[in-house]
Amino acid sequence: MTPERRPITLITGASAGIGSALARVYAANGHEVMLVARRADRLAALADEIASRGHRRPLVAAVDLQVRDAVRQIDEQMAGQGVEPEIVVNNAGFGLLGPAASLDHAEQLAMIDLNIRALTELSLAWIDALKRQQGGILNVGSVAGFLPGPGMAVYYATKAYVLSFSQALHYELKPSGVRVTVLCPGPV
């Protein structure tokens, strides 16, 4: 029997942009937040900012999601804090601009690894906790997921995956009470 853990909202890519904005919104709405990104200094600054606004200080996990044991690292940190996800926000990702044939192939594969593999692993890692908490997954996609994107072909393809995967996972998990949503912003 696992000891009961308190629910948190886990947000990846929380050190800047959409991720930090979502962290502020979730905290302002009473969620205990765990911020995940590579840059510990930015995570600490955001946690301090959120706490200075009178909200519970977020937990911080400086983890590189491109490392193969990233989920294990996050899970160990959560276990040490006595928390489990109620909501998983998969925001971490990046894009490269330019024709696919001329961009660095290793960088494009790294983008696929983060935008697809890491998002998938994080989406599936805590399904039991999400069921217990009657929680959800918010995957950050893009309007790029709805059409091909010459000049950003691999990025657009990764966001098409995020859209398709999220929609399918929504139908698979709906009977268990777990909500899956995909956010598809335009250029930011």
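Refer to the structure above for everything that follows.
Residues numbered from 1 in each chain as written. Predicted model: local features only at pLDDT ≥ 70, side-chain atom pairs only at ≥ 80, totals over all residues. Heavy atoms only, no water.

Engineer: Got a minute to help me understand the overall build of the protein in this structure?
Structural biologist: When helices and strands are counted, the protein shows 6 helices and 6 strands. Ordered by position from N to C terminus, the α and β elements of the protein give β-α-β-α-β-α-β-α-α-β-α-β. The C-alpha radius of gyration computed for the protein amounts to 16 Å, which stays within 12% of the reference 16 Å derived for 188 residues, consistent with globular compactness. A burial count over the protein gives 46% of its 188 residues as buried. For the protein, long-range pairs separated by at least 24 residues make up 68% of all intrachain contacts whose partners lie at least 6 apart in sequence. Separation between the mean location of the 17 positive side-chain charges and that of the 17 negative ones in the protein comes to 4 Å. (Helix = DSSP H or I, 4+ residues; strand = E, 2+ residues; numbered from the N terminus. Rg over C-alpha atoms; globule rule 2.2 N^0.38 Å. Buried < 20%, exposed > 50% of the residue type's maximum accessible area, 1.4 Å probe, protein only. Contact = heavy atoms within 4.5 Å. Lys, Arg positive; Asp, Glu negative; His and termini not counted. Charge placed at Lys NZ, Arg CZ, Asp CG, Glu CD.)

Engineer: Would you mind showing me how to read the side chain of serine 15 here?
Structural biologist: Positionally, serine 15 belongs in the loop between strand S1 (6–12) and helix H1 (17–28). Within the local environment of serine 15, its side chain forms a polar contact with the side chain of arginine 39, the two groups lying 3.0 Å apart. Each residue touching serine 15, except ones within four places of it in the same chain, is listed here: Ser20, Ala37, Arg39, Arg42 and Leu43. (Polar contact = N/O pair within 3.5 Å; in protein donor to acceptor, adjacent residues only side chain to side chain.)

Engineer: What is the right way to read the sheet that holds strand S2 (residues 33–37) from this model?
Structural biologist: Either a parallel or an antiparallel arrangement is found when strands of a sheet pair, and the pairing is made through backbone hydrogen bonds. The strand order across the open sheet built from 6 strands is S3-S2-S1-S4-S5-S6, with neighbouring strands paired in parallel fashion. A single partner strand is all that each edge strand has here, and the edge strands are strand S3 (59–62) and strand S6 (179–183). The mean inter-strand angle of the sheet, taken between neighbouring strand axes irrespective of direction, is 25 degrees. Relative to S1, H1 is tilted by about 160 degrees, and along the sheet it contacts S1, S2, strand S4 (83–90) and strand S5 (136–140). Along the sheet face, helix H4 (residues 105–125) touches S1, S4 and S5 and points at about 145 degrees away from the line of S4. (Pairing = 2+ DSSP bridges. Axes fitted to C-alpha atoms, helices over the stretch in contact; angles between N-to-C directions.)

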